[in-house]
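So the chains spell out like this:
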Amino acid sequence: GDRLAPDDYVKLVKSRILVDVQGPDALLQIFTTSVLRAHPEHEAPFLEFIQRVCGATPQHHHTLGCGGFGIRNFLALFLSIELNAAMLTLRDAPPDRPDLADLARAKIDCLSTQLDLSNPVLDDIARAAIQEAAILDRTPLDAAALDQARRDKTAAQARLQDISRRFADEATRIQAQHRALTAAT
């Protein structure tokens with residue numbers, strides 16, 4: 001596929017567009033928060049615009065969402081928004097309410113650990129998707145290899161769902177404690 005010329009890359013970055021390149025693929029992202037925020041301490045609508053630019057060559061036409069490229073970005077984005085909110089809660093916790101600060105720290109730990117555990121699984125999902133795309137590009141099609149790549153991807157997706165469920169339960173518990181503490185005041 002076409003590569004970004006250095007001048008084009010600089011123009012994108014100067015426009016506050018994040019550029020992530022993996023092989024012939026690129027992921028372009030821009031967020032509205034910094035554009036729409038009147039003052040740094042104010043909240044603003046958070047919208048993300050994404051464009052995947054999947055490289056294609058005559059021999060590699062099955063890109064399947066750029067081979068899974070960018071999957072980590074979506075989870076990392078969600079968790080970073082939640083982490084930012086928890087860090088603001090910690091920062092704004094009244095000095096006479098260490099219990100609220102402790103809950104914010106617990107949420108930060110929960111989200112950080114989830115991200116740490118999810119990253120290798122996301123790598124496995126991306127690897128399996130890339131393997132699947134490579135197999136689909138081969139002639140003749142190797143059905144056994146394709147089945148294995150799909151099983152690997154499904155197994156990794158199940159592991160990621162298990163991690164998400166585990167931390168969703170923990171985050172729900174922390175949120176319930178936070179509501180109870182703030183309602184009591």
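The notes below deal with the structure included here. (Residues numbered from 1 in each chain as written. Predicted model: local features only at pLDDT ≥ 70, side-chain atom pairs only at ≥ 80, totals over all residues. Heavy atoms only, no water.)

**What about helix α6 (residues 143-183)?**
With 41 residues, α6 extends 58 Å from end C-alpha to end C-alpha; this agrees with the ideal 60 Å at 1.5 Å per step. Within α6, the full set of buried residues consists of Leu146, Ala149, Lys153, Ala156, Leu160, Ile163, Phe167 and Ile174. The opening residue of α6 is Asp142, an N-cap whose side-chain oxygen sits 3.3 Å from the backbone nitrogen of Ala144. (Helix = DSSP H or I, 4+ residues; strand = E, 2+ residues; numbered from the N terminus. Expected span 1.5 Å × (residues − 1). Buried < 20%, exposed > 50% of the residue type's maximum accessible area, 1.4 Å probe, protein only. Polar contact = N/O pair within 3.5 Å; in protein donor to acceptor, adjacent residues only side chain to side chain.)

**Describing the pattern of salt bridges**
Applying the stated criterion across every chain, the model contains 10 salt bridges. Glu132 is paired through a salt bridge with Arg150; the nearest N and O atoms lie 2.7 Å apart. Linking Glu132 in helix α5 (residues 98-137) with Arg150 in helix α6, this pair joins segments that are 18 residues apart in sequence. On the accessibility criterion, Glu132 (5% relative accessible area) is buried. When salt bridges with common partners are traced through the structure, they connect Asp124, Arg127 and Arg159 into a single cluster. (Salt bridge = Lys/Arg side-chain N within 4 Å of Asp/Glu carboxyl O.)

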